[in-house]
Amino acid sequence: DTEVTQTPKHLVMGMTNKKSLKCEQHMGHRAMYWYKQKAKKPPELMFVYSYEKLSINESVPSRFSPECPNSSLLNLHLHALQPEDSALYLCASRGTSGGGTDTQYFGPGTRLTVL
Amino acid sequence: AQTVTQSQPEMSVQEAETVTLSCTYDTSESDYYLFWYKQPPSRQMILVIRQEAYKQQNATENRFSVNFQKAAKSFSLKISDSQLGDAAMYFCAYRRNNNAGNMLTFGGGTRLMVKP
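Help me understand the interface of chain A and chain B in this model?
Size of an interface: often given as the accessible area lost when the parts come together. Chain A puts 27 residues into the contact, and the matching count from chain B is 22 residues. Both sides of the chain A and chain B interface together cover about 1,800 Å² of buried area, and 55% of this is carbon and sulfur. For the chain A face of the interface with chain B, the top three residues by lost area are Pro42, Asp102 and Phe106 of chain A, together amounting to 30%. Summed over the shared surface of chain A and chain B, the number is zero salt bridges. In this structure, the connection of chain A to chain B is made through seven residue pairs in polar contact (both at pLDDT 80 or more). Taken together, the elements giving at least two residues each to the side of chain A that touches chain B come down to β4 (31–37), β5 (44–50), β9 (87–94) and β10 (104–106) of chain A. Tallied by class, residues from the side of chain A that touches chain B come to 13 nonpolar, seven polar and seven charged.

Would you mind showing me how to read the packing of aromatic side chains here?
In total, this model carries 15 aromatic pairs over all chains according to the counting rule given. Arranged with centres 5.2 Å apart and planes meeting at 35 degrees, the rings of tyrosine 32 of chain B and tyrosine 94 of chain B form a pair that is tilted. Of the two residues, tyrosine 32 of chain B is situated in strand β5 (residues 32–39) and tyrosine 94 of chain B in strand β10 (residues 88–96); the sequence distance between them amounts to 62 residues. Pairwise contacts between aromatic rings join Tyr33, Tyr35 and Phe106 of chain A together with Tyr33, Phe35, Tyr37, Phe91 and Phe106 of chain B into one cluster.

Definitions and limits used
Residues numbered from 1 in each chain as written. Chains lettered and ligands numbered in written order. Predicted model: local features only at pLDDT ≥ 70, side-chain atom pairs only at ≥ 80, totals over all residues. Heavy atoms only, no water. Contact = heavy atoms within 4.5 Å. Buried area = accessible area lost by both parts, 1.4 Å probe. Salt bridge = Lys/Arg side-chain N within 4 Å of Asp/Glu carboxyl O. Polar contact = N/O pair within 3.5 Å; in protein donor to acceptor, adjacent residues only side chain to side chain. Helix = DSSP H or I, 4+ residues; strand = E, 2+ residues; numbered from the N terminus. Nonpolar A, V, L, I, M, F, W, Y, C, P; charged D, E, K, R; others polar. Phe/Tyr/Trp six-rings, centres within 6.5 Å; stacked < 30°, edge-to-face > 60°.

Quick look at the structure:
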């Protein structure tokens with residue numbers, strides 16, 4: 001089973017709202033990723049968590065705040081977003097031991113619209 | 001820095017025919033992985049096929065196969081017996097082995113249309 005789930009599927013929020021995106025996997029993967037994807041473009045890496053610790057932050061604005069409460073769960077907290085932040089937000093996970101450590105598995109994404 | 005180039009923004013193929021999507025990459029590394037991901041309109045990025053650079057044999061997954069030319073830094077995807085469900089964006093991706101975070105470098109994507 002290579003399933004990564006994301007909720008919600010769609011989110012519409014105002015620029016003053018606070019919302020969160022959620023990502024979950026039960027494959028025992030210890031590396032998890034957040035990507036932002038604009039239409040017809042490849043995903044852009046935002047954050048990498050390794051063993052529940054933030055290992056990479058690709059200079060993402062502080063209005064995006066990631067959190068990894070446990071090894072199965074990854075959140076992205078959103079606050080004071082701008083309309084240009086509207087995009088598809090993808091979560092991915094990757095195994096860190098044994099077979100399959102080379103491959104990232106993606107969730108279905110959350111379509112975010114900022115009004 | 002590594003770069004991945006997909007020179008075909010759009011391709012079309014007749015159902016049941018064969019199509020090849022091209023991908024080239026630039027790296028000075030010798031140990032790396034290459035991937036093809038498919039992203040249908042439903043949005044989910046699905047792994048199609050992966051290739052380890054140290055393996056000379058081209059990877060194959062059912063109707064999908066790659067032509068991996070390490071010296072030429074080329075990694076094309078061949079889809080045989082194309083089906084309507086193959087219509088999607090296809091992204092080629094590179095990952096250096098043991099890089100921090102195991103980050104992927106994506107190409108710009110190729111939109112594949114399948115004509116009935």
